[in-house]
Amino acid sequence: MRPILRRAMLALALALALPVMPAMAADKMTVLLDWFVNPDHAPLVVAKEGGFFARHDLDVELIAPADASAPPRLVAAGQADIAVTYQPDLMLQVKEGLPLVRIGTLVETPLNCLIVLKDGPIKTLADLKGKKVGYSVASLQDAYIGAILGSAGLTAKDVEMVNVNFNLTTALMSGQVDAVIDGYRNFELTQLALEGKTGIAFFPEEHGVPPYDELIYVTRKDLATDPRMARFIASVEEATIFLTNHPEEGLALFLKAHPDLDDKLNRTAYADTLPRFAKRPAALDPGRYDRFAAFLKDKGLLVTIPPVESYAIAPR
């Protein structure tokens, strides 16, 4: 018998003699989104649908919340592993004592902006004096509007703030308000255009508000060193690079998972959001976080500036 054949038969015999071991099950993770599924979540959806999570032995469930304010609190309470939330909100949640820590970035630039109609009465920020500004949820809009108006020599007392809930574009188009804050530059501006109205955006980071990460990933502090976290961030990084290199294929994966979002609004939002996804989601800029914390302290929303390492890490 030839040596090669003899070795092959021996290997086969050994293989048949060994017990069959079941494949290792992927580690399960639950991720709570900040809102209903939309193009902001494309890296997560593509990481799941494109097999990037599976390559890192993760079985990830993405859940849209019934209450947009609930995900960080549910994670803090141990009812999920990761939440998608907002950098500014995290700082306030930490102030409240929630045991949360940032482990990565999803959208690395602000999306929030102040929007007016191009054919409306507001041409410059100074024109807002004596006007009405709509907002959706009471949170940070007073700090934002104060800074934005301050860049034009006005104060928050120079405008009337109106809670229009989530009817931002409707309130603006109907004339209920003259401007809206909390509108997203990658959604509301397109919504207005689809309604035949052209909007103009004033960007907070160009008018007194320090740049910040719009969407981040947070987990409980006792999970910060869980090996799954580093694998999760590696997965979304790979998915984001795939989206960057193959935007059409990425969009196809996203819409295959959520065919109800296949319309002009979401396709445009996808294209507008694509350059804003964090290509290095684990990367952390402590100075940037400190500057935004100082802004919140100056606006009376924080008492002290917490050490960055107490609420933000880069998982290893």
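Our structure is the block above this text.
Residues numbered from 1 in each chain as written. Predicted model: local features only at pLDDT ≥ 70, side-chain atom pairs only at ≥ 80, totals over all residues. Heavy atoms only, no water.

Asker: What's the story with the side chain of Asp213 in this structure? I'm lost.
Answerer: Relative to the assigned elements, Asp213 resides in the loop between β9 (199–202) and β10 (215–220). There is a polar contact of 3.2 Å between the side chain of Asp213 and the side chain of Thr105. Residues within four places of Asp213 in sequence aside, it is in contact with Gln87, Pro88, Thr105, Val107, Glu108, Arg288 and Tyr289. (Helix = DSSP H or I, 4+ residues; strand = E, 2+ residues; numbered from the N terminus. Polar contact = N/O pair within 3.5 Å; in protein donor to acceptor, adjacent residues only side chain to side chain. Contact = heavy atoms within 4.5 Å.)

Asker: Just to check I follow, could you spell out the sheet that holds strand β8 (residues 179–184) for this structure?
Answerer: Pairing between the strands of a sheet is mediated by backbone hydrogen bonds and can be parallel or antiparallel. With mixed pairing, the 5 strands of this open sheet are ordered in space as β7-β6-β8-β5-β9. Bordering the open sheet on either side are β7 (160–163) and β9, each of which pairs with just one other strand. Each strand axis lies, on average, 35 degrees off the axis of its neighbour in the sheet, ignoring direction. Relative to β8, strand β6 (residues 132–135) runs parallel, the two sharing 2 bridges. Within the sheet, the bridge partner assigned to Gly134 lies in β8 and is Val180. (Pairing = 2+ DSSP bridges. Axes fitted to C-alpha atoms, helices over the stretch in contact; angles between N-to-C directions.)

Asker: How do you make sense of helix α5 (residues 87–95) when you look at a structure like this?
Answerer: Given 3.6 residues per helical turn, the α-helix brings residues three or four places apart onto the same face. Across the 9 residues that make up α5, a large majority, 7, are buried. For α5, the full list of buried residues reads Gln87, Pro88, Leu90, Met91, Leu92, Gln93 and Val94. The elements touched by buried residues of α5 are α4 (71–76), β3 (82–85), β4 (100–107), α6 (141–150), β10 and α12 (286–298). (Buried < 20%, exposed > 50% of the residue type's maximum accessible area, 1.4 Å probe, protein only.)

Asker: How do you make sense of the side chain of Arg228 when you look at a structure like this?
Answerer: One can find Arg228 in helix α9 (residues 227–245). On the accessibility criterion, Arg228 (13% relative accessible area) is buried. With residues up to four places along the chain from it excluded, the contact list for Arg228 reads Asp27, Lys28, Met29, Leu58, Asp81 and Leu223.

Asker: Explanation requested: the sheet that holds strand β2 (residues 58–63) in the structure shown.
Answerer: Taken in spatial order, the 5 strands line up as β2-β1-β3-β10-β4 in an open sheet, and their pairing is mixed. Edge positions in the sheet fall to β2 and β4, since each has one partner strand and no second. Direction aside, neighbouring strands of the sheet carry axes that sit 25 degrees apart on average. Here helix α2 (residues 42–49) sits on the sheet and contacts β2, β3, β4 and β10; the angle it forms with β2, its principal contact strand, is near 140 degrees. Packing against the sheet, α9 makes contact with β1 (27–32), β2, β3, β4 and β10, and its axis sits at approximately 65 degrees to β1.

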